[in-house]
Amino acid sequence: MAGVIRRLDETVVNRIAAGEVIQRPANAIKEMLENCLDAKSTNIQVTVKDGGLKLLQIQDNGTGIRREDMEIVCERFTTSKLQTFEDLSAIATYGFRGEALASISHVAHVTITTKTAESKCAYRATYSDGKLKAPPKPCAGNQGTQILVEDLFYNVSTRRKALKSPGDEYARIVEVVSRYAIHNSGKSFSVKKQGETVADVRTLPSASAVDNIRAVFGNAVSRELIEVGCEDQKLAFKMKGYISNANYSVKKCILVLFINHRLVESSALKKALETVYAAYLPKNTHPFLYLSLEIAPQNVDVNVHPTKHEVHFLHEDSVIESVQKHVESKLLGSNASRTFFTQTLLPGLSVSGGSELKASSAAVEPTERVYAHQMVRTDSRAQKLDAFLKPKESVRLDPEAAGPSRQETTEPDGEEMDDMDLLEALDEQEGTEPEDGNKISASDVQRKRPRTEEQQEIKEAAGEDTEAADTSKRRVIKLTSIKELRTEIGQINHSGLQEMLRNHSFVGCVTPQWTLIQHHTKLYLLNTSRLSQELFYQILIYDFGNFGVLRLSTPAPIYDLAMLALESEESGWTEEDGPKEGLAQYIVDFLKKKAEMLEDYFSMEIDQEGNLTGLPLLLDKFSPVMEGLPMFILRLATEVNWDNEKDCFRDFSKECSMFYSIRKQYILEPEPGGGPENEANSWRWMVEHVICKAFRTLFSPPKRFSEDGTVLQIANLPDLYKVFERC
């Protein structure tokens, strides 16, 4: 028997239609947001409870709704934006069907409070199933409209049960509001949960699109954006927006797409853009894109989906191809630099763990097989980084112009020992103690300094031409303050980092600030400035009172040094500090009073005329860059606490170690072809043969260096093998 065809009840029809338009709370918010924007609102506030199922409230400061229109505002197909079907071909507003509020009122309880600019008061009315429940009542209110939606889907239990958790629904609402906030810069948006004082998303009316992207997606993406924009008269479209460059990527593609200011989706455009980015981003990572397309209204069909999240337009393939080419050209132009993020480590003792290959092949058991990805260079005579770099041409600068005096330098030996010979000599020396425990000749390889008070040694001169003060016996320092400072160094020592520096292989100098070393199968980038500063600080503390003297070839007047420092911007001098001449004379008088203590404890010599004649000898064959001497003298008078013994020794050691450290701003490149003497005095030679050598024997690296970027692991041989295996 054939079924009987009946006309559906109007209530059933309306609820079916409402289910198509309002599929979840986020759809309701989207429809009401678009109504607010059509009403020329500049401030839109959204409040949500239980993911929008219990309460959805949206308030704006737009034009409002006339009292005469409130009776039919929630009926289907009532709108102020469309009159004839022909108007649909040139529609420039968000809404046009008049179904949004009607659909919401059929599946929820709706309350509207509104006020126009001409009205003396606001009016409030409640709606159910598209009908006005009672005549609008006058009430107090601001200009604009507030729509309150309660108990969404209260009469559609299956839809309510099919929705996800309130938290997930709230996240979808935040996503919709955020995207409209990005596109509508110049308008204020906020969304929050009911009862909360802080909004989860808030944008300011003065904010730009980039500011809104930063507020929604964070700084990581906002600082990597490229502005895009193109126009095609033939295809009758314009495109503008912001896309992420090759330095930024996420696990899931974020495409914020507006066509004629309407938030839509386009799988074809998304796929085309991801194809472009595939050549720039790592595998399985995706870009961020915000694009706004303005297409001639007559070329766009917006009435193809109940929720209007899809649109069709003419010449779709050609428009997408044009956008794709423009984005690709922008990416090509921004690919001049790439940023790579590395982990700042070090791990604990695992840096020298048993899984790593031993340094010498002799230590490997005969039955143990060594794989290619475990083989490491252990012979330091093999080629280093410098062998692959062309010598840099540079203009010779006069060192006399940067400082008042220059110290005498040590003549290098005719034949230098390489790292392996030094290490072998060091091993032999550590294996046999000298007969006289108190003396070591200057020709011996510098051995690891004992860190105990009982052991004694002589600190001898660094070279033939440099005058140095010798002591026949190492002084035993019993000052409590020095003992406490030494204890502090030992307490913060990182044993894994110390083992790595002790057994590293030098690779090369990148800049005066950065040096490459290898340890087992890993390549590390060291901040030479920080490491050398800490090294000299520890030398000043452990060798306290036992330094040789580097005497200047010409005494340096402290007054002139102080004046040079005060003339520089680094000093921070202002007219409020007083005349520079008076400050310089004060520094001379002050340091002359401290001259006896400085000479006794730190071998820093100042004569009665106020001239600096000697500096402490901290490492053999190393002398500080004299361009930093003026600022060192100034900081001794201003940055050292001379009233407390422990603070005084700590502050002086920190300032002195800063002066002795390898600092980029004071480094002068040696003149090319200057001969072996010039090479021996270059910062590269100092870093490789003096500083890194001291790292092996004299250094206790603090734990903070494993976390603050001082030591960066940039490559690992087994991981590199995995990468190349996939290629």
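As the structure is a prediction and not an experimental result, all values here were calculated from the model.

1. Description of the confidence of the model for the protein
This prediction gives the protein a mean pLDDT of 77; 70% of its residues lie at or above 70. Segment residues 392-423: pLDDT under 50, and 67 contacts once partners within four positions in sequence are set aside and those in other chains are kept. Throughout residues 425-472 the model reports pLDDT below 50, and contacts reaching past four residues in sequence, or to other chains, amount to 94 contacts.

2. Describing the sheet that holds strand β12 (residues 254-259)
On the basis of which strands lie adjacent, the open sheet formed by five strands has the order β10-β11-β14-β12-β13 and mixed pairing. If you trace the sheet from one side to the other, it starts and ends with β10 (225-232) and β13 (262-264), each paired once. On average, each strand axis in the sheet is tilted by 20 degrees relative to the strand beside it, whichever way the strands run. For β12 and strand β14 (residues 288-295), the ladder comprises six bridges, and the chain directions are parallel. Across the sheet, residue Ile259 finds its bridge partner in β14, namely Leu293. Those strands touched by helix α8 (residues 267-277) are β11 (237-244), β12 and β14, and its axis lies near 135 degrees from that of β14.

3. Describing the packing of aromatic side chains
This structure, assessed with the given rule, holds 16 aromatic pairs. Where Phe632 meets Phe652, the ring centres are 6.4 Å apart and the plane angle is 65 degrees; that geometry is what we call edge-to-face. Of this pair, Phe632 sits in helix α17 (residues 629-638) while Phe652 sits in helix α18 (residues 645-660), and the two are 20 residues apart along the sequence. For the pair Phe632 and Phe652, one class covers both residues: buried. Look at Phe632 and you get buried, because its relative accessible area is 3%. In textbook terms, an aromatic cluster arises when at least three aromatic residues are bridged by ring pairs, as seen for Phe536, Phe544, Tyr601, Phe602, Phe622, Phe632, Phe649, Phe652, Phe659 and Tyr660. The side chain of Lys580 reaches across the aromatic face of Trp573, ending 4.6 Å from its centre.

Parameters at a glance
Residues numbered from 1 in each chain as written. Predicted model: local features only at pLDDT ≥ 70, side-chain atom pairs only at ≥ 80, totals over all residues. Heavy atoms only, no water. pLDDT = per-residue confidence, 0-100. Contact = heavy atoms within 4.5 Å. Pairing = 2+ DSSP bridges. Helix = DSSP H or I, 4+ residues; strand = E, 2+ residues; numbered from the N terminus. Axes fitted to C-alpha atoms, helices over the stretch in contact; angles between N-to-C directions. Phe/Tyr/Trp six-rings, centres within 6.5 Å; stacked < 30°, edge-to-face > 60°. Buried < 20%, exposed > 50% of the residue type's maximum accessible area, 1.4 Å probe, protein only. Lys NZ or Arg CZ within 6 Å of the ring centre and 35° of its normal.

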